[in-house]
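Chain and residue survey
Read off the chains here:
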Amino acid sequence: MFFSKLRADIKAAQENDPAARSKFEIWLTYHGIRALAAHRRAAFFYRLGLKTIARMISQNSKRRTGIEIHPAAKIAPGVFIDHGSGVVIGETAEIGEGTVLYQGCTLGGTGKETGKRHPTVGKCCVISAGAKVLGGITVGDYAKVGAGAVVLRDVPPHATVVGVPARVVRIGGSKEGVDLLQEKDDPIQIELCALRERVFALEDALARLGAAPIRHDYMPEKTEGPARNEPDRLSGPASESKEKTQSGGYFLTMKDGRYVVMKKKEKKD
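Described in the following lines is the structure provided in the data block. (Residues numbered from 1 in each chain as written. Predicted model: local features only at pLDDT ≥ 70, side-chain atom pairs only at ≥ 80, totals over all residues. Heavy atoms only, no water.)

**Overview of helix 4 (residues 51-65)**
For helix 4, built from 15 residues, the straight-helix expectation of 21 Å at 1.5 Å per residue is met to within 8% by its first-to-last C-alpha distance of 21 Å. Summarising the contacts, the buried residues of helix 4 are in contact with helix 3 (31-47) and strand 1 (68-69). Where helix 4 terminates, the next one or two residues include Gly66, which has phi positive at roughly 80 degrees. (Helix = DSSP H or I, 4+ residues; strand = E, 2+ residues; numbered from the N terminus. Expected span 1.5 Å × (residues − 1). Contact = heavy atoms within 4.5 Å.)

**Focus on the sheet that holds strand 10 (residues 132-134)**
What the 5 strands build is an open sheet, ordered 1-4-7-10-13; its pairing is parallel. On the outer flanks of this sheet lie strand 1 and strand 13 (150-151), each paired with one strand and no other. Inspection of the sheet shows strand 1 paired to strand 4 (residues 88-89) by 2 bridges, in the parallel sense. Paired with Ile69 across the strands is Ile89, a residue of strand 4. (Pairing = 2+ DSSP bridges.)

**Re the pattern of salt bridges**
Counting across every chain of the model gives 5 salt bridges. Residue Arg40 is joined to Asp9 by a salt bridge in which the shortest nitrogen-to-oxygen separation is 2.4 Å. Placement of the pair is Arg40 in helix 3 and Asp9 in helix 1 (residues 2-16), with a sequence separation of 31 residues. Accessibility assignment for this pair places Arg40 and Asp9 in one class, buried. (Salt bridge = Lys/Arg side-chain N within 4 Å of Asp/Glu carboxyl O. Buried < 20%, exposed > 50% of the residue type's maximum accessible area, 1.4 Å probe, protein only.)

**Looking at the nonpolar core**
The biggest cluster of nonpolar side chains holds 29 residues, and the ones touching the most others in it are Ile69, Ile89, Leu101, Leu107 and Ile127. Elements with a contribution of two residues or more to this core: helix 3 and strand 14 (159-162). By size, the runner-up hydrophobic cluster in this structure holds 10 residues, among which are Leu6, Ile10, Ile26 and Val100. (Core = buried A, V, L, I, M, F, W, Y, C linked by side-chain atoms within 4.5 Å.)

**Structural notes on the sheet that holds strand 11 (residues 138-139)**
Within a sheet, each strand pairs with its neighbour through backbone hydrogen bonds, oriented either parallel or antiparallel. Pairing in this open sheet of 4 strands is parallel, and the strands run 2-5-8-11 from one edge to the other. The open sheet terminates on both sides in strands that have one partner only, identified here as strand 2 (74-75) and strand 11. Two strands pair when backbone bridges link them, and strand 2 and strand 5 (residues 94-95) are joined in this way by 2 bridges, in the parallel orientation. When the sheet's bridge partners are listed, Lys74 is paired in strand 5 with Glu94.

**Here's the deal with the side chain of Thr99**
Note on placement: Thr99 falls in the loop between strand 5 and strand 6 (100-101). The residues touching Thr99, leaving out its near neighbours within four places in the chain, are Gly78, Val79, Phe80, Val121, Gly122, Lys123, Cys124 and Cys125.

Shown next, in the form of structure tokens:
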């Protein structure tokens, strides 16, 4: 039984790692393979009730490989832990066959709950580098967890999840409304560009009303594109000061939480 599981683990390493050359080399040099072998020895003693011996084996394996696996964790044959440094697998975690785990990933809990408190990972899943799968959740078969993701909810089968907290961006071959291209998925840059355009529109409107030009130590060039139609009312954040600027018979004030341009009333003699 032990050697059949070991052969399945080595076969999984050959299938998932292009750098693997021979079974003998994999057994000698791959920490993931050695950690899984030590885990199965520890699990044997754990089932016999010799939990202290089981923990000693698992902790010795952790010192040698950098991979910590609780003896009670259930790991099917054919699992591949690539690189392995920093991988943590909790007590009630379950991992299906064909799953690949990369360095730094965690299958952990969310607190001091008892009972089933660690994730169940289906077969042929991918848990990428630095991903955290936390709590008694289920990761469906053939699912993929992106690098650095924090998964707190169940993941459907054949789904791809990314982000903090993790969100589904793809199921099977169809996208779920999120573009994964980095140059198109930067919300901070998009928000800053929109804010800059609002400032330009406000300055242009004030200039048309006769206000003195605003001077900047640094003035970025406007991005190319179709000119925007400036609204009659210029919205902006609320301010403690009601009247902001005044020139040419017009002034900018705040009304109903929005900045509006008002015309001064002329005094009658």
